[in-house]
Amino acid sequence: MDSLLNPNRPPVFCPGCAHDRVVHSLDNTFRKMGLSGNQIVIVTDIGCSGLFDTFFETHAFHGLHGRALTYATGIKMARPDLHVVVTMGDGGLGIGGAHVLSSCRRNIDITLLVLNNFNYGMTGGQCSVTTPQNANVGSGFLNRLEKPVDICQVAGAAGAAFVSRASSYEKELEDKIEKAIRFEGFSLVDIWGICPGRYSRRNKLSPKIIEAQLSAMPKLDNFMQQNLRKEYGKAYCEHIQVKTPAPAPLKIEKRYQPPLQANEQIVFLGSAGQRIITAAELVCLAGATAGLFATQKNDYPITVMRGHSVSELILSKEQIDYTGIEKPSIIFALAQEGINRRKKIFDNLSEETLVIKAAGVEIPATGAEVEEIDFKTLKIKTQDWALASLAMIANENRGISMEMLDTAMMQRFKGSILEDSRKIVSTIAIKYK
Amino acid sequence: MSYTVMEGNEAIGWGAIVAGCRFFAGYPITPATTIYNTMLKLLPDFGGICMQGEDEIASIGFCLGASMAGMKVMTATSGPGISLYSEQISFAIGSEIPLVIANVQRLGPSTGSATKGADGDIQFMRWGNSGGLPVIVLAPVDVKDCYELTVHAFNLAEKYRCPVFIAANKEISMTREVFDLDALNMPDIVERKNADPSRPFKPFDVSDGQYTPDFLPIGGETIVRQTSSTHGPEGYITTDSGQIGNNQDRLMKKIVSDVERFSFYESLPAKGAETLIISYGVTSRAVKTAVSRLGSEGLPVSHLILKTLWPVPEKVIKSIAASYNRIVSVEMNLGQYVREIQRILPGKEIEFLGRMNGELITPEQIKEVVNNG
Ligand code: SF4
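Residues numbered from 1 in each chain as written. Chains lettered and ligands numbered in written order. Predicted model: local features only at pLDDT ≥ 70, side-chain atom pairs only at ≥ 80, totals over all residues. Heavy atoms only, no water.

Enquirer: Can you tell me about the overall build of chain B, naming the residues and giving the values?
Expert: Tallying secondary structure elements over chain B gives twelve helices and 16 strands in all. Relative to the compact-globule value of 21 Å for 373 residues, chain B shows a C-alpha radius of gyration of 21 Å, a close match. Structurally, chain B occupies a C-alpha span of about 65 × 45 × 40 Å along its principal axes. By residue count, 64% of the 373 residues in chain B fall in the buried class. Contacts in chain B between residues at least 24 apart in sequence constitute 76% of all its contacts with a sequence separation of at least 6. (Helix = DSSP H or I, 4+ residues; strand = E, 2+ residues; numbered from the N terminus. Rg over C-alpha atoms; globule rule 2.2 N^0.38 Å. Buried < 20%, exposed > 50% of the residue type's maximum accessible area, 1.4 Å probe, protein only. Contact = heavy atoms within 4.5 Å.)

Enquirer: How would you sum up the pairing of strand E4 (residues 111-116) of chain A? Please name residues and give values.
Expert: Side chains on a regular strand alternate between the two faces of the sheet. Residue and element names in this part refer to chain A. Among the six residues that make up E4, six are buried, leaving the element largely enclosed by the rest of the structure. The side-chain alternation of E4 yields two buried faces, one formed by Thr-111, Leu-113 and Leu-115 and the other by Leu-112, Val-114 and Asn-116. Judged from the five bridges that link them, strand E3 (residues 83-89) and E4 form a sheet pairing that is parallel. When the sheet's bridge partners are listed, Gly-89 is paired in E4 with Leu-115. Across six bridges, E4 lies against strand E6 (residues 187-192) in parallel orientation. Paired with Leu-115 across the strands is Ile-191, a residue of E6. (Pairing = 2+ DSSP bridges.)

Enquirer: Please provide a residue-by-residue account of the domain arrangement of chain B, values included.
Expert: Residue and element names in this part refer to chain B. When its domains are assigned, chain B resolves into domain 1 (3-183) and domain 2 (265-371). Measuring from the centre of the C-alpha atoms in domain 1 to the corresponding centre in domain 2 gives 26 Å. Residue-level contacts link 26 residues of domain 1 with 23 residues of domain 2. On inspection of domain 1 and its partner domain 2, the count reaches two salt bridges. Across the pair Asp-145 and Lys-307 runs a salt bridge whose closest N-O atoms are separated by 2.9 Å. Viewed at the interface, domain 2 and domain 1 are joined by twelve residue pairs in polar contact (both at pLDDT 80 or more). Looking at the side of domain 1 that touches domain 2, the elements that each hand over two or more residues are strand E6 (113-117), helix H5 (122-127), strand E7 (136-138), helix H6 (143-160) and helix H7 (170-173). With four residues, H5 is the largest single contributor of residues to the side of domain 1 that touches domain 2. Class assignment for the residues of the side of domain 1 that touches domain 2 results in 13 nonpolar, five polar and eight charged. (Domains from an automatic or database assignment. Salt bridge = Lys/Arg side-chain N within 4 Å of Asp/Glu carboxyl O. Polar contact = N/O pair within 3.5 Å; in protein donor to acceptor, adjacent residues only side chain to side chain. Nonpolar A, V, L, I, M, F, W, Y, C, P; charged D, E, K, R; others polar.)

Enquirer: Outline the layout of surface pockets, listing residues and values.
Expert: The calculated volume of the second largest pocket comes to roughly 520 Å³. Class assignment of the residues belonging to the lining of the second largest pocket gives a composition of ten nonpolar, three polar and ten charged. (1 Å grid on protein atoms, 1.4 Å probe; cavity = no way out; pocket = protein on both sides within 12 Å on 5 of 7 lines; lining within 4 Å. Points joined across faces, edges and corners; volume = space filled by probe spheres on them.)

Enquirer: I'd like a rundown of empty space enclosed by the protein, residues and numbers included.
Expert: Under the criterion given, the structure shown has two cavities of 30 Å³ or more. When its volume is computed, the largest cavity comes out at roughly 70 Å³. Residue lining of the largest cavity: Arg275(A), Thr278(A), Ala279(A), Leu282(A), Gln383(A), Asp384(A), Leu387(A), Phe413(A) and Ser421(A), and that is the complete set. Considering every element that reaches the lining of the largest cavity, the biggest residue donor is helix H12 (residues 276-289) of chain A, with three residues. The residue makeup of the lining of the largest cavity, split by class, is four nonpolar, three polar and two charged. Lining the second largest cavity, in full, are Ile82(B), Ser86(B), Ile89(B), Phe124(B), Met125(B), Gly128(B) and Phe165(B). Those elements that provide at least two residues to the lining of the second largest cavity are helix H4 (79-94) and H5 of chain B.

Enquirer: How would you explain the site of the ligand if you had to name every residue and give the values?
Expert: Surrounding the ligand, one finds Phe13(A), Cys14(A), Cys17(A), His19(A), Cys48(A), Asn117(A), Gly121(A), Cys195(A), Pro196(A) and Gly197(A). Considering only residue class, the shell around the ligand consists of six nonpolar, four polar and no charged. (Near = heavy atom within 4 Å.)

Enquirer: Which residues make up the pattern of salt bridges, and what are the values?
Expert: For the structure shown, the criterion picks out 43 salt bridges over all chains. Notably, a salt bridge pairs Arg225(B) with Asp53(A), separated by 2.8 Å at the nearest N-O pair. Of this pair, Arg225(B) sits in strand E10 (residues 225-227) while Asp53(A) is found in helix H2 (residues 52-55), placing the two residues in two different chains. Across the pair, Asp53(A) and Arg225(B) agree in class, each one buried. One salt bridge in this structure joins Glu314(B) and Arg343(B), with 3.1 Å as the shortest N-O distance. One end of the pair, Glu314(B), is in helix H10 (residues 314-321); the other, Arg343(B), is in helix H11 (residues 338-344), with 29 residues separating them in the sequence. Judged by relative accessible area, which is 28%, Glu314(B) ranks as partly exposed.

Enquirer: Quick rundown of the domain arrangement of chain A? Include the residues and the values.
Expert: As far as domains go, chain A holds domain 1 (18-241) and domain 2 (264-431). Taking only C-alpha atoms into account, the centre of domain 1 of chain A sits 59 Å from that of domain 2 of chain A.

Enquirer: Pulling in residues and values, what's your account of helix H1 (residues 18-33) of chain A?
Expert: Residue and element names in this part refer to chain A. With 16 residues, H1 should cover 22 Å at 1.5 Å per step; its first-to-last C-alpha distance of 23 Å lies within 8% of that length. The complete set of buried residues in H1 reads Ala-18, His-19, Val-22, Val-23, Ser-25, Leu-26, Asp-27, Thr-29, Phe-30 and Met-33. Here the buried face of H1 lies against strand E1 (40-44), H2, E3, E4, helix H7 (173-182) and E6. Downstream of H1 by a residue or two, Gly-34 has a phi angle that is positive, lying close to 70 degrees. (Expected span 1.5 Å × (residues − 1).)

Enquirer: Lay out the interface of chain B and chain A in plain terms, naming residues and giving numbers.
Expert: Contacts between chain B and chain A engage 68 residues on the former and 64 residues on the latter. A buried area of about 5400 Å², summed over both sides, lies between chain B and chain A, and 57% of it is on carbon and sulfur atoms. It is Tyr3(B), Arg176(B) and Tyr236(B) in chain B that bury the most area against chain A; as a group they hold 13% of the surface buried on that side. The interface formed by chain B and chain A holds seven salt bridges in total. A salt bridge links Glu54(B) to Arg106(A), with the shortest nitrogen-to-oxygen separation between them at 2.5 Å. Linking chain B with chain A are 31 residue pairs in polar contact (both at pLDDT 80 or more). Sort the elements by how many residues they give to the side of chain B that touches chain A and helix H3 (residues 56-68) of chain B lands first, with eight residues. By residue class, the composition of the side of chain B that touches chain A is 33 nonpolar, 18 polar and 17 charged. Here strand E7 (residues 252-253) of chain A runs beside strand E1 (residues 2-7) of chain B; their pairing, made up of two bridges, is antiparallel. Looking across to E1(B), one finds that Ile252(A) is bridged to Tyr3(B). (Buried area = accessible area lost by both parts, 1.4 Å probe.)

Next comes the structure, spelled out in structure tokens:
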């Protein structure tokens, strides 16, 4: 195979820059693997290593600092057949740390080449996350205060199976890159090199020193065994094959005449666990069976199974514009949490508003018509009070009728839940016959 | 006629699917999470990909990669997420990457109130990018709009190769509503215009009179370059000021000069009205209620609902407002879009009603302003 280097754009690094060697090693690797330019995308980060894509005749994607892995992930998911190679410096490692960790955890088939030269070359040699504490760099004393990171151990701990270190100057570099590209999953090669433009002006560093330092680093062999697993994209495809088809949006035909009194503003004041939101949804569905418009807004805290659950509903024969409740016509006061949340709603009510109040809860003084119901003596459990309340208004043909409610329940529930719900509705119907 | 019960976020999800979106990535955030939930439920079934990024920056980054690989993509978030998207949005603008962003606005500033609505990001969506080049922002009024405008958003993103925002609001997105799915006014689906693969390809080249470059995907036969750096037609860094200037002009013009083609609005003139209320988003519903009450009390008032907010549909606003001396601008913030209205309607008396307390502006408050100024 021919070189994939761009003949019109030869590498332009400072003389002696390690990046130059890696560019050629990468090209040799592509060549050995017999890849053509359109089988590869080089995704580059920012900094001197961010120039890599311009030297190759491959697909190329150059983006924002630290974010190269995010683009690479999207590309690989969309085009699983592409070889995705990311080049990033030690700067990108720091600023995009979350993406490095997540790529390791995700195990998507991307090859990350870290061009690690222990400083930010392009901006003047400031310290990076890999700068040794005793180095002299462009950040004054600041690097002395922070420990450098060994990205390989971090990556292994984060779930990467293929993690290796290399020197820009070693013979095995091409081999290591090839293995990384061939590995089916996320692979990271931490390639150490010298930045003569900045770093080695003030710090003694040579290929020999790098070799010695590398050999003193902790071994990484365990990670392959520990973390080997299915590649993310493949695993994703397997998962979605067994997925049940998504249901199309439910369409409800108008089959009933709406009750004479169809325009209602209904407020449910309940607590978590009372199935307030489901009951309110039933009203929407029931309305739809009679061609009524409805809007439903819910209010609940972030806690689950604790706290208020409030739902505001409007039912109308006409298109609903304003969705706020200005003058509630029906209030279901089913739990203290919900009532306390909306105390103000009881101010200025007249007899035109019907409050259906569960026995045992306290409501503020109000001019509304209040009807109390003792659900407990009817053996209706608290999680069914909202549904039972709906049965009460359906029984009186307010907003919804019994047949509308029943059809809504059939749309929403199945099996034993439907049966139990129907029992509750009939309990109310018998009591208020 | 048949009825469907859906919340705004579900409708955005369905609209995306219908528009051909096959890639979604997001990070959960109230009140946008149910868009992610909807996409997670739907996309795999449509052969698509749904991902959860490690943060918002990753989520939109996945989208940019997938879009350049040829997919129709969407992400969804709220104000805090838009803040994190900012640098990637700038990238998508400058490097012409089609992308739909659903911004389900919540009360800010900052983390603000997760479950309270607002329209506080209206200027932020337009200007929250480095370089200040234009984006398209569409604002739904109800659940039906969430569906329809999402399809339009995809069409525009593909046509103009740019980010398109859906400026939703918790008060629409998390409100469940009954609507007629069969009565939707759906546009034809627009696909990205591919370059002729038999001709030499330059990723950012345009022929005479063309503003948006033809596309080829990363990963196809032809080699494609993408870069966030200031680039020439070939997608390499350029320092040629002539080339740079022309490119920036083109990025501006391709969207702004075409706004009349996608100026969505609803004009509701009333006979004998002297006042025109201009609104957008969920607030328009309170305005409608107020206008109908004022009408029945004997005071006709006209109403203009803007659904394309950016670029500002100046012609629409100017021509509809021409016959009114008094304009009332109502929005769920402390004064953002009113600045545009003031800018393009000099010499008119422009009153403003804005509120930011986590609650809807009420019809009575609007009536009060119309009646008493
Ligand atoms: S500054 Fe350093 S890393 Fe950058 S090109 Fe020069 S030597 Fe290489």
